[in-house]
Amino acid sequence: MMEMLSKVGSYEFLAEPFHCDFSHHLFIGHLGNHMLNAADYHSNDRGYGMNYLNLLHKTWVLSRLVIEMDHYPKAYERFFVNTWVEGAMRYFTDRDFEVKTPDGTTYGYGRSVWALIDTDSRQPTDILSIHDGLINQYIDTDTPCPIAKSSRVKMSSDAEYVRTVQTCYSDVDINGHINSVKYIEHIIDLWPVDWFRSHRIARFEIAYVAESHGGDNLLFYREKTADNEWCVRIMKQTPGSEEKVEVCRSKVKFVKE
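Residues numbered from 1 in each chain as written. Predicted model: local features only at pLDDT ≥ 70, side-chain atom pairs only at ≥ 80, totals over all residues. Heavy atoms only, no water.

### Re the environment of Ser250
Where we set the bar: Starting at the N terminus, helices and strands are each numbered in turn, a helix being any DSSP run of H or I of at least four residues and a strand any DSSP run of E of at least two. Three exposure classes are used, based on accessible area relative to the maximum for each residue type with a 1.4 Å probe and protein chains only: buried under 20%, partly exposed in between, and exposed over 50%. Contacts are residue-level and defined by heavy atoms, with any inter-residue pair within 4.5 Å sufficient. In protein, a polar contact requires one atom able to donate a hydrogen and another able to accept it; more generally it is a pair of N or O atoms within 3.5 Å, and residues adjacent in sequence count only if both atoms are side-chain atoms.
Within the fold, Ser250 resides in strand S10 (residues 245–256). For Ser250, a relative accessible area of 0% puts it in the buried group. In sequence terms Ser250 and Trp60 are 190 residues apart; their C-alpha atoms lie 21 Å from each other. Those residues within four positions of Ser250 in sequence are excluded, and the remaining contacts are Val153, Ile187, Phe204, Glu205, Ile206, Trp230, Cys231 and Val232. In this structure the side chain of Ser250 is engaged in a polar contact, spanning 2.7 Å, whose partner is the backbone oxygen of Glu205.

Listed below in structure tokens is the structure:
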């Protein structure tokens, strides 16, 4: 019988200086990494994390992520990421985040959707079969996450081709595919450095459609959809093949500062 823990987990992190940009604020990619680490700690502590799942040839993969921030932690600042499971279905679970200062001030929030897959077949597998649906005992619908859920990113055929990135060793994660946060970093790099001197990312959305792997070429297409808002489509192309396959879509909203 496993000891029941709190539904909300709180994890302390440090905005390390070399994880911050020229404004001395944490890169959104590193913030995303801290959110994913908090999710990993939370699920492992409660018995349905990767430490246990890997023994069953299963793992969590990120399907959708939304980050919406009013402020970003500054270099050397300590901050907390709170996380909890908002809902669980057979193949997907919703997990929320709150980023806070040590004195309780909220920097922003995150929403995510995760799938449980079989690492041999790479196909979705039943979340509720793990420890007889243990995750259901940790569902928290009372803790607020006041940001909108991820939207359906719509792009036209007029989206402009911007760049091709060849994936390498450091793009590949523990699950053997391109790391979720690496896509975020490559997307943000579509804007020049000077743009970020006067603009801040207010909301970032990404939806993962298919896996890509080390050596694949990633083709980036961008389309402006509103003032200070763009949508981005990433297609993969395996070396030696002419076929292009969509791997994810993103929406980025900036605010002028």
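Now that the structure is up, let's keep going.
### Quick notes on the sheet that holds strand S4 (residues 92–100)
Whenever strands of a sheet pair, they do so through backbone hydrogen bonds, lying parallel or antiparallel. Let me state the cut-off plainly: Here, strands pair whenever DSSP counts at least two bridges between them. Fitting a line to C-alpha atoms yields each axis, with helices limited to the stretch in contact; the angle taken between N-to-C directions then spans 0 to 180 degrees.
On the basis of which strands lie adjacent, the open sheet formed by 10 strands has the order S1-S3-S4-S5-S2-S7-S10-S9-S8-S6 and antiparallel pairing. This sheet does not close on itself; its edge strands, each paired only once, are strand S1 (9–14) and strand S6 (160–166). Strand-to-strand twist across the sheet, computed as the mean angle between neighbouring axes with direction ignored, equals 25°. This element, helix H3 (residues 180–188), spans strand S2 (58–69), S6, strand S7 (199–208), strand S8 (217–226), strand S9 (229–237) and S10 of the sheet and lies at about 135° to S7.

### Section: the packing of aromatic side chains
Quick note on the threshold: To pair, rings of Phe, Tyr and Trp, with the six-membered ring standing in for Trp, must have centres within 6.5 Å; the planes then decide the type, stacked if under 30 degrees apart, edge-to-face if over 60, and tilted in the middle. Only lysine NZ and arginine CZ atoms are considered, and such an atom sits over a ring when it is within 6 Å of the ring centre and within 35 degrees of the ring normal.
Evaluation of the coordinates by the stated rule reveals 12 aromatic pairs. Put simply, the rings of Trp191, Trp195, Phe196, Trp230 and Phe254 pair up and form one aromatic cluster. Positioned above the aromatic ring of Trp191, the side-chain terminus of Arg222 is 5.0 Å from the ring centre.

### Some words on helix H1 (residues 28–45)
Here is the rule we go by: Every helix has an expected span of 1.5 Å times one less than the residues it contains.
With 18 residues, H1 should cover 26 Å at 1.5 Å per step; its first-to-last C-alpha distance of 26 Å lies within 8% of that length. Residues of H1 that are buried: Ile28, Gly29, His30, Leu31, Gly32, His34, Met35, Leu36, Ala38, Ala39, His42 and Ser43. Just downstream of H1, Gly47 is the residue with a positive phi angle, here 95°.

### Some words on unusual backbone geometry
For residues that are not glycine, phi is negative in most cases, and the peptide bond is trans in most cases. The phi angle at Arg122 is positive, at roughly 65°, despite the residue not being glycine. When you line up the elements, Arg122 lands in the loop between strand S5 (106–118) and S6. Phi at Asp132 takes a positive value of approximately 55°, unusual for a residue other than glycine.

### Structural notes on a nonpolar patch on the surface
Keep this limit in mind: A patch consists of residues whose relative accessible area exceeds 30% and which take part in no salt bridge; residues with like charges are grouped when within 9 Å of each other, and nonpolar side chains (Val, Leu, Ile, Met, Phe, Trp, Tyr) when within 5 Å. Values of accessible area rely on a 1.4 Å probe in the Shrake-Rupley scheme; residue burial ignores everything except the protein chains shown. A pair is scored as a salt bridge if a Lys or Arg side-chain nitrogen falls within 4 Å of a carboxyl oxygen belonging to Asp or Glu.
A surface patch of nonpolar side chains, amounting to about 280 Å² of accessible area, comprises Met89, Tyr91 and Phe92. With respect to the helices and strands, Phe92 occurs in strand S4. Since its relative accessible area comes to 35%, Phe92 is described here as partly exposed.

### A look at the pattern of salt bridges
Within the structure shown, the criterion is met by 13 salt bridges. A salt bridge links Glu86 to Lys149, with the nearest nitrogen and oxygen atoms 4.0 Å apart. Taken together, the residues span a long stretch of sequence, with Glu86 in strand S3 (residues 78–88) and Lys149 in the loop between S5 and S6 at a distance of 63 residues. The class of Glu86 is partly exposed, set by a relative accessible area of 23%. According to the relative accessible area criterion, Lys149 is exposed, its value standing at 52%. For the salt bridge of Glu246 with Arg233, the shortest nitrogen-to-oxygen distance reads 3.6 Å. Linking Glu246 in strand S10 with Arg233 in strand S9, this pair joins segments that are 13 residues apart in sequence. Salt bridges sharing common partners tie together Glu86, Asp96, Arg111 and Lys149.

### Overview of the packing of H1 against H3
Heads up, the condition is: The labels follow the angle: roughly parallel below 35 degrees, roughly antiparallel above 145, roughly perpendicular from 65 to 115, and oblique for the rest. Two helices that cross are described as forming a left-handed crossing if the nearer one is turned anticlockwise from the farther one by less than a right angle, and a right-handed crossing if clockwise.
Where H1 meets H3, the axes come as close as 9 Å, and the angle between the chain directions of the two elements is 165°. When the axis of H1 is compared with that of H3, the two are roughly antiparallel. Between H1 and H3 lies a crossing whose hand is right-handed. Together, Ile28, Gly29, Gly32, Asn33 and Leu36 of H1 and Ser180, Val181, Ile184, Glu185 and Ile188 of H3 make up the contact between the two elements.

### Here we look at the pairing of S2
Burial of S2 is extensive: 10 of the 12 residues sit out of reach of the surface. When S2 meets S5, the two strands line up antiparallel, connected through 11 bridges. Residue pairing across strands places Val66 opposite Arg111, the latter belonging to S5. Taken together, the 5 bridges between S2 and S7 define a ladder with antiparallel strand orientation. In the strand pairing of S7, Leu65 is matched with Ile206.

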